[in-house]
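Results of the structural survey
Residues per chain are reported as follows:
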Amino acid sequence: MERVDLIPPPAADDAAPRDDVADRADAYAAAPLLNCLLREVAEPLPPTGEPGAHRVHRLPGGRLLRVRGQRRPAAPEVCTADGWQPVSHPELVKLVAEELVRHTGLSNHELPAEMLDSRDAVAALLTARARATPPEDPYLLSEQCLITGHPHHPAPKARGGGPAAGWLPYAPEAHARFPLTLLGLRADRVVEEGDTSALDALGEAPPGYRLLPAHPWQLGLVARDLAPAFADGRLVHLGTSARATWPTAAIRTLYAPERDLFLKFSLDVRITNDVRRLWRHDLLSMRRTDTAAREAFAAIAGPAAWLGDNGYRTADFAFEELAVLVRDGLRDRVVPGATPLLAAGLVEGFGGSPLAAAGDPAAWWEAYLAQVVPPALAAFADHGVVLEAHLQNTLVAVDAEGTPVQALFRDSEGVKLLPDVSRAAGWERLVYCLVVNHLCEVAGALAEHHPGLDPWPAARRELSRHHLPEITDLLASPTLPGKTNLLLRWTGADGADARYLPLPNPLTG
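Below is a short write-up of the structure. (Residues numbered from 1 in each chain as written. Predicted model: local features only at pLDDT ≥ 70, side-chain atom pairs only at ≥ 80, totals over all residues. Heavy atoms only, no water.)

**So, empty space enclosed by the protein**
Summed over the entire model, instances satisfying the criterion amount to 4 cavities of 30 Å³ or more. Approximately 90 Å³ is the volume found for the largest cavity. Taken together, Leu180, Leu202, Ser241, Ala242, Arg243, Thr245, Ala256, Glu258 and Arg259 make up the full set of residues lining the largest cavity. For the lining of the largest cavity, the element with the most residues is strand β9 (residues 235-247), which contributes 4 residues. Of the residues assigned to the lining of the largest cavity, the class counts are 4 nonpolar, 2 polar and 3 charged. Lining the second largest cavity are Arg39, His150, Pro151, His152, Tyr432, Val436, Asn437 and Glu441. The element best represented in the lining of the second largest cavity is helix α13 (residues 423-449), accounting for 4 residues. For the lining of the second largest cavity, a count of residues per class yields 3 nonpolar, 3 polar and 2 charged. (1 Å grid on protein atoms, 1.4 Å probe; cavity = no way out; pocket = protein on both sides within 12 Å on 5 of 7 lines; lining within 4 Å. Points joined across faces, edges and corners; volume = space filled by probe spheres on them. Helix = DSSP H or I, 4+ residues; strand = E, 2+ residues; numbered from the N terminus. Nonpolar A, V, L, I, M, F, W, Y, C, P; charged D, E, K, R; others polar.)

Written out as structure tokens, the structure is:
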């Protein structure tokens, strides 16, 4: 297949002229929206077989839509009486809404606004990146490169509809870094569980108070609700942290490099499918899921590691709003001499990415599979732990030559345990996260950078090494489960819900 580069790689963002920001924002925003539309509701028509030809799809209302490109579709056009006509981003949003009404019989005024907000957010991010200084640390660069973001979500960069000035100072994609806001929480109002001692080293609280760091964006969002607590002394302002923290791809999870500490906060903003609060039920179950994951990785052979969530601290009168979660750092988890990189960053692309620079892409891919696949399968098969092993929850450490030598997994909030969920449901979730969301995306990016590489024989070999009863069916099944993010959002399903539709399975060969 001819490669069509219609969206510039993120590594080139900073050098791009400012006058094309609008066009580039349209292209970045259209790609994931088209992916959703084509995957979830459109009918693909037989290809013409011509190199570089458009892909044509029939929409529920009968209209024909064609696009260029595969992994990141671009340049949409609709067939009219006057021939094929280009579709602008606002027109694409309108078209998607019309087709979803036909497909579902339901209307939704909120999601189209999020789609437009996501595009405007991309434009603000591109402008900000042009004048920002990217981090020198390759790990931080990999966390902060996601301009496209989730490749199969209709509004991956929506930021709650507020003005960019309110959220841009905290955006990882804009290479933000900022100090924490430090609060004093009256000691008799503290709720905590697990090891939160790392929080006390961030500053000094006055007598009768405990230190409670806060994300400044979140603090602004809930300021009105917290005003009585500041007025009566349950909370006091203590200034800011001495050192800056870096927002990671998760936006509300910050990394403090000097202390090698991750902190995860609530953020009362819808990002992709969820309002990103640290929900009470998740915090109360965290110790159980994190302990299960820790025990599983302690027993798994090889270098794979779990970045544990050690504990949380919050206020009893603002349990979810002010919660902060303490997560393991990297230095004691990454194998000596290796550099951790976010898997999603490898797919999106950044300067110096070892995926793009691999001299022997087949060997690189085999090494990648050997690090990522075995621990995820072993956690499931031997310990009943279903990792949410998607691109943003997986770090891959590489050696000095850029070869993958270790996988690290994170986020106990996304972990499911057997038998809390059935084995069949757990396996479906693992296949979606690990294979569809993760391996398919890395394989696609690798094949684009290294034309002629077929990544799937190696993937089949790696999976077939593991003697799970489900593997045989996985390798023979004509389909894989694909999450329907567009339909989930359009129909107003719970953000934590997951509904799947069958996708062609490249593992069958």
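We are not done yet, so read on.
**Here's the deal with the sheet that holds strand β5 (residues 83-86)**
The pairing of strands in a sheet comes from backbone hydrogen bonds and takes either a parallel or an antiparallel form. Across the sheet, 5 strands lie side by side as β1-β2-β3-β4-β5; this open sheet has antiparallel pairing. The open sheet has two edge strands with one neighbour each: β1 (43-44) and β5. The sheet contact formed by strand β2 (residues 55-58) and strand β3 (residues 64-68) spans 4 bridges and is antiparallel. Bridged to His57 within β3 is Leu65. Of the strands in this sheet, β2, β3 and β4 (74-80) touch helix α1 (residues 21-40), which is tilted by about 130 degrees from β3. (Pairing = 2+ DSSP bridges. Contact = heavy atoms within 4.5 Å. Axes fitted to C-alpha atoms, helices over the stretch in contact; angles between N-to-C directions.)

**Some points on the packing of aromatic side chains**
The tally for this structure, following the rule as stated, stands at 12 aromatic pairs. Within the aromatic cluster, the residues linked to one another by ring pairs are Tyr139, Tyr255 and Phe262. Over the face of the ring belonging to Phe317 we find Arg234, whose NZ or CZ atom lies 4.5 Å from the ring centre. (Phe/Tyr/Trp six-rings, centres within 6.5 Å; stacked < 30°, edge-to-face > 60°. Lys NZ or Arg CZ within 6 Å of the ring centre and 35° of its normal.)

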